[in-house]
Amino acid sequence: FNKDSPRFKTYGTNSNMQDVYVYAIQEDVNPDVVAKPTISCADNKVTITAVEGASVYYTTDGVTEPTEASTKYEAPFAITEDMTVKAIAVKDGKTSDVAIAEVKYTIAQPEITCTENVVTITYVDGASVYYTIDGSNPTTESTRYTEPFKITKNVTVKAIAVKNGVSSAVASQA
């Protein structure tokens, strides 16, 4: 925090003429600069936001710098793998600096339920699920889940979901 920064403005003094440090953050106002867009990712959907009235253009290969000839951002888009998103905002003929974000593709953990000694594993569509019943962490070499199965003794079931080469965190049910 720097009280002398041009981003902060003092609003007054108290009745004893002592400085009162009450500050409000001021937006940097420079008509020659467009603020960089913001890139976020949730639930495997990328959202890009920019100042009102700006058009946003982006690339996803991690190498190509975005220009007005790049893909125009219209709505959040789904990802199916990790990627680097680069974006610019263009407004009134001015272009922002490039915003860059590493976005990670994630897979939800499968859910394991056991009712009357029958184990059911639910998971995201399109994923393959692998499980173990010996307490070890599953891998893609473990037993592939295809349908509910019976257990006859107390075991710990562990499972992972795998989609597009990405594994979920391990789910566990004792």
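Just so it is clear, the structure is predicted and the values come from calculations on it, not from any experiment. (Residues numbered from 1 in each chain as written. Predicted model: local features only at pLDDT ≥ 70, side-chain atom pairs only at ≥ 80, totals over all residues. Heavy atoms only, no water.)

A. Representation of the packing of aromatic side chains. Within this structure, the stated rule accounts for 6 aromatic pairs. Measuring from centroid to centroid gives 4.5 Å for Tyr 131 and Phe 149, while their planes differ by 10 degrees, and the two rings are stacked. Residue Tyr 131 is found in strand 13 (residues 128–132), and its partner Phe 149 is found in strand 15 (residues 149–150); the two are separated by 18 residues along the sequence. Of the residues examined, Tyr 131 reaches a relative accessible area of 14% and is grouped as buried. Both rings, one in Tyr 145 and one in Phe 149, keep their centres 6.4 Å apart while their planes meet at 65 degrees; by these two values the pair is edge-to-face. (Phe/Tyr/Trp six-rings, centres within 6.5 Å; stacked < 30°, edge-to-face > 60°. Helix = DSSP H or I, 4+ residues; strand = E, 2+ residues; numbered from the N terminus. Buried < 20%, exposed > 50% of the residue type's maximum accessible area, 1.4 Å probe, protein only.)

B. A look at the pairing of strand 3 (residues 38–42). Note that strand 3 and strand 4 (residues 45–49) share 5 bridges and pair antiparallel. When the bridges of strand 4 are listed, Cys 41 appears paired with Val 46. In sequence, strand 3 turns back onto strand 4 through a hairpin of 2 residues, with Asp 43 there showing a positive phi of about 55 degrees. (Pairing = 2+ DSSP bridges.)

C. Fine view of the sheet that holds strand 4. Here we have 3 strands laid out as an open sheet, ordered 3-4-7, and antiparallel in their pairing. Sheet topology places strand 3 and strand 7 (77–78) at the edges, where each strand pairs with a single neighbour.

D. Spotlight on the side chain of Ser 128. Relative to the elements of secondary structure, Ser 128 occurs in strand 13. Reaching out from Ser 128, the side chain makes a polar contact with the side chain of Arg 144 at a distance of 2.9 Å. Excluding residues within four positions of it along the chain, Ser 128 makes contact with Arg 144, Ile 160, Ala 161 and Val 162. (Polar contact = N/O pair within 3.5 Å; in protein donor to acceptor, adjacent residues only side chain to side chain. Contact = heavy atoms within 4.5 Å.)

E. A look at the pattern of salt bridges. What the rule picks out here adds up to 2 salt bridges. A salt bridge links Glu 65 to Lys 86; its shortest N-O distance comes to 2.7 Å. Taken as a pair, Glu 65 in the loop between strand 5 (55–59) and strand 6 (71–72) and Lys 86 in strand 8 (residues 83–91) lie far apart in primary sequence, 21 residues in all. Its salt-bridge partner being Asp 82, residue Lys 104 comes within 3.8 Å of it at the nearest N-O pair. Of this pair, Lys 104 sits in the loop between strand 10 (99–103) and strand 11 (111–115) while Asp 82 is found in the loop between strand 7 and strand 8, placing the two residues 22 residues apart along the sequence. Residue classification places Lys 104 among the exposed positions, given a relative accessible area of 51%. (Salt bridge = Lys/Arg side-chain N within 4 Å of Asp/Glu carboxyl O.)

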